[in-house]
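Commentary on secondary and tertiary structure
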Amino acid sequence: MNDLDILYEDNHIIVCYKPRGILSQADSSSKIDMLNLIKEYLKDKYNKKGNVYLGLVHRLDLNTKGIMVFAKTSKAAKRLNESIKNNEFEKHYKATVHGIINELNYKELKSYIIKDEKELKSYISSNGKEAILYYKTEKNKKIDSYDVTDLLIILKTGRFHQIRCQMASIGHPLYADKKYGGKGNFKDYNLEAYYLSFPHPITHEKMEFRR
């Protein structure tokens, strides 16, 4: 468990950096997941017997890397979930998308998204749930023969594949994100949750983490 990248830990929460290729929570596959990795770490560190409580309050996709917070008590989990509902979490991402975008200031992108459970893919639909993000240009560059833009993104809602779906819907899919129309030679798309802030569930202090 020494491989865990732990940014912060106290009696109530643990904040870790999730690498690309690791699930947030176990599914029907045999892939490793953050929830079980951290549970094993806590069992070892505190010499706990039996089950260890760990609350998953938000997720990152398998191939999205970045900062996550987990609750070490049910009370902390409940309060963190309330903070999410009250829009008190702030999540910033970095993404590399196809095409040239020149936005010096954050621009709002609002859509309505519906999730196809069979395809495990999101689509823009008037019957969907509201999805809002803000994006601005970090830099323009080339990857092989493709013009691409590194974006900074502030996510205001947490819909399934929201950034990937919304950016594709305006003609700028993530580079190498084959599922949403991206091209390129990378094995995986570049999407990173590099900043996370939220009120501590017990002290109410503003917690901030950045990579």
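One can find the structure itself at the top, above this paragraph.
In this report, we go over the structure that sits alongside the text. Just so it is clear, the structure is predicted and the values come from calculations on it, not from any experiment.

A short note on the packing of aromatic side chains
Going through the model one piece at a time under the given rule, you end up with four aromatic pairs. Ring centres of Phe-89 and Phe-198 lie 5.2 Å apart, and the angle between their planes is 20 degrees; this geometry places the pair in the stacked category. Of this pair, Phe-89 sits in the loop between helix H2 (74-85) and strand S5 (90-98) while Phe-198 is found in strand S10 (residues 191-199), placing the two residues 109 residues apart along the sequence. With a relative accessible area of 10%, Phe-89 lands in the buried category. Both rings, one in Phe-198 and one in Phe-209, keep their centres 6.1 Å apart while their planes meet at 25 degrees; by these two values the pair is stacked. Of this pair, Phe-198 sits in strand S10 while Phe-209 sits in strand S11 (residues 206-210), placing them eleven residues apart in sequence. Take Phe-198 and Phe-209: they sit in the same class, and that class is buried. A connected cluster of aromatic rings, assembled from ring pairs, spans Tyr-8, Phe-89, Phe-198 and Phe-209. A cation over an aromatic ring shows up here: Lys-94 above the ring of Tyr-194, its NZ or CZ 5.0 Å from the ring centre. Against the face of Tyr-180 rests Lys-121, its NZ or CZ located 5.3 Å from the ring centre.

Considerations on the pairing of S10
When you tally the buried positions in S10, you get nine out of nine residues, the bulk of the element. Sheet analysis places strand S4 (residues 65-71) next to S10, joined by two bridges and oriented parallel. Within the sheet, the bridge partner assigned to Gly-66 lies in S10 and is Ala-193. As paired strands, S5 and S10 are joined by six bridges and run antiparallel to one another. Across the sheet, the residue bridging to Tyr-93 is Ala-193, located in S10. In this structure, S10 lies alongside S11, joined through five bridges in antiparallel fashion. Bridge assignment links Leu-196 to a residue of S11, and that residue is Phe-209. Hairpin connection between S10 and S11: a loop of six residues separates the two successive antiparallel strands, and His-204 in this loop has a positive phi of roughly 70 degrees.

Some words on the nonpolar core
Residues Ile-38, Phe-70, Tyr-93, Ile-153, Ile-163, Met-167 and Leu-174 are the most contacted members of the largest nonpolar core, which totals 31 residues. For this core, the secondary-structure elements that each account for two or more residues are strand S2 (13-18), helix H1 (34-46), S4, S5, strand S8 (129-143), strand S9 (146-155), helix H3 (162-169) and S10. By residue number, the principal contributor to this core is H1, which donates five residues. Leave out the neighbours within four places in its chain, and Phe-70 touches His-12, Ile-13, Ile-14, Met-34, Leu-35, Ile-38, Leu-54, Gly-55 and Leu-56.

Quick look at the pattern of salt bridges
Scanning the model with the defined rule gives ten salt bridges in all. With a shortest N-O distance of 2.8 Å, Lys-72 and Glu-9 are connected by a salt bridge. In this pair, Lys-72 sits in the loop between S4 and H2 while Glu-9 sits in strand S1 (residues 5-9), placing the two residues 63 residues apart along the sequence. The partner of Glu-130 in a salt bridge is Lys-110, and the shortest N-O contact between them spans 3.8 Å. One end of the pair, Glu-130, is in strand S8; the other, Lys-110, is in strand S6 (residues 107-116), and 20 residues separate them in sequence. By relative accessible area, which is 31% here, Glu-130 ends up partly exposed. On the accessibility criterion, Lys-110 (44% relative accessible area) is partly exposed.

About the criteria used
- Residues numbered from 1 in each chain as written.
- Predicted model: local features only at pLDDT ≥ 70, side-chain atom pairs only at ≥ 80, totals over all residues.
- Heavy atoms only, no water.
- Phe/Tyr/Trp six-rings, centres within 6.5 Å; stacked < 30°, edge-to-face > 60°.
- Helix = DSSP H or I, 4+ residues; strand = E, 2+ residues; numbered from the N terminus.
- Buried < 20%, exposed > 50% of the residue type's maximum accessible area, 1.4 Å probe, protein only.
- Lys NZ or Arg CZ within 6 Å of the ring centre and 35° of its normal.
- Pairing = 2+ DSSP bridges.
- Core = buried A, V, L, I, M, F, W, Y, C linked by side-chain atoms within 4.5 Å.
- Contact = heavy atoms within 4.5 Å.
- Salt bridge = Lys/Arg side-chain N within 4 Å of Asp/Glu carboxyl O.

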